[in-house]
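What follows is each chain in one-letter form.
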Amino acid sequence: MKKLLFVGFTAILLGFSACSSDGDEMIEEVISQPVEIDSQLLIDLVNEVRASGTTCGSTYYPPVDAVSWNDKLEQAALNHSKDMYENDYFSHKSPEGSTLTKRLQKVEYSYSTAGENIARGYTSEQQVMNGWLNSQGHCANIMNASFKEMGVARVGNYWTQNFGSQR
């Protein structure tokens, strides 16, 4: 039986603008390509929490085994972050109806269980991780002992974190 966990999260989108040297025009920085993330830092942050256990909302989660990085989960995360960025929405379901299940099928990730965290507005790995840990549902995904693998991607300031266990 396939299990899917969907957790939504809304954060303030941080915009950047700067004045030109003459001060007459505003230039807006737009990041439309995938932003390189520190995947080792993300996996370390997730596994530190998993190893120590944590409280998500009012529920304590005891320590669980570490997750490993999975390139297919990262690709599915990248596809979703890019779609959210390019089509200006923030949801687990795209305006065209794409869901985590469809995204995982597209990258040929065969799973027994999977989950997804999304975030918007964060500019660093530590910030997005803190945001996910401060959200009960996202935190529960991070602490889910059924998940054995993870992949994360960022486009602009749209983040997607996918978890799964292969069949």
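Since the model is a prediction, treat every value here as computed from it, not as a measurement.

## Overview of the packing of helix α1 (residues 39-52) against helix α4 (residues 125-133)
Right, so step 1: For the pair α1 and α4, the least separation of the axes is 10 Å and the interaxial angle reads 30°. Between α1 and α4 the crossing geometry is right-handed. Two secondary-structure elements touch here, α1 through Leu 41, Leu 42, Leu 45, Val 46 and Val 49 and α4 through Glu 125, Gln 126, Val 128, Met 129 and Leu 133.
Right, so step 2: Its residues placed into classes, the contact of α1 with α4 shows 8 nonpolar, 1 polar and 1 charged.

## Looking at the environment of Trp 159
Right, so step 1: Inspection of the secondary structure puts Trp 159 in strand β9 (residues 158-166).
Right, so step 2: The class for Trp 159 is buried, based on a relative accessible area of 0%.
Right, so step 3: Between the C-alpha atoms of Trp 159 and Phe 90, which are 69 residues apart in sequence, the distance is 10.0 Å.
Right, so step 4: Looking at Trp 159, its side chain comes within polar contact range of the main-chain oxygen of Tyr 122, at 2.9 Å.

## A word on the packing of aromatic side chains
Right, so step 1: Within the structure shown, the criterion is met by 3 aromatic pairs.
Right, so step 2: Relative to Phe 163, the ring of Phe 147 lies with its centre 5.3 Å away and its plane at 10°, an arrangement referred to as stacked. On the criterion of sequence distance, the pair formed by Phe 147 in the loop between α5 (136-142) and β8 (149-155) and Phe 163 in strand β9 is long-range, its members being 16 residues apart. Both residues of the pair, Phe 147 and Phe 163, count as buried.
Right, so step 3: An aromatic cluster is present here, built from Tyr 85, Phe 90 and Tyr 158 joined pairwise through their rings.

## Quick notes on the pattern of salt bridges
Right, so step 1: This model, assessed by the stated rule, comprises 1 salt bridge.
Right, so step 2: The shortest N-O distance in the salt bridge between Glu 116 and Arg 103 comes to 3.0 Å. Of this pair, Glu 116 sits in strand β7 (residues 111-120) while Arg 103 sits in helix α3 (residues 100-106), and the two are 13 residues apart along the sequence.
Right, so step 3: Exposure remark for Glu 116: the relative accessible area of 0% places this residue in the buried category.

Thresholds, definitions, all that
Residues numbered from 1 in each chain as written. Predicted model: local features only at pLDDT ≥ 70, side-chain atom pairs only at ≥ 80, totals over all residues. Heavy atoms only, no water. Axes fitted to C-alpha atoms, helices over the stretch in contact; angles between N-to-C directions. Helix = DSSP H or I, 4+ residues; strand = E, 2+ residues; numbered from the N terminus. Left-handed = near helix turned anticlockwise from the far one by under 90°. Contact = heavy atoms within 4.5 Å. Nonpolar A, V, L, I, M, F, W, Y, C, P; charged D, E, K, R; others polar. Buried < 20%, exposed > 50% of the residue type's maximum accessible area, 1.4 Å probe, protein only. Polar contact = N/O pair within 3.5 Å; in protein donor to acceptor, adjacent residues only side chain to side chain. Phe/Tyr/Trp six-rings, centres within 6.5 Å; stacked < 30°, edge-to-face > 60°. Salt bridge = Lys/Arg side-chain N within 4 Å of Asp/Glu carboxyl O.

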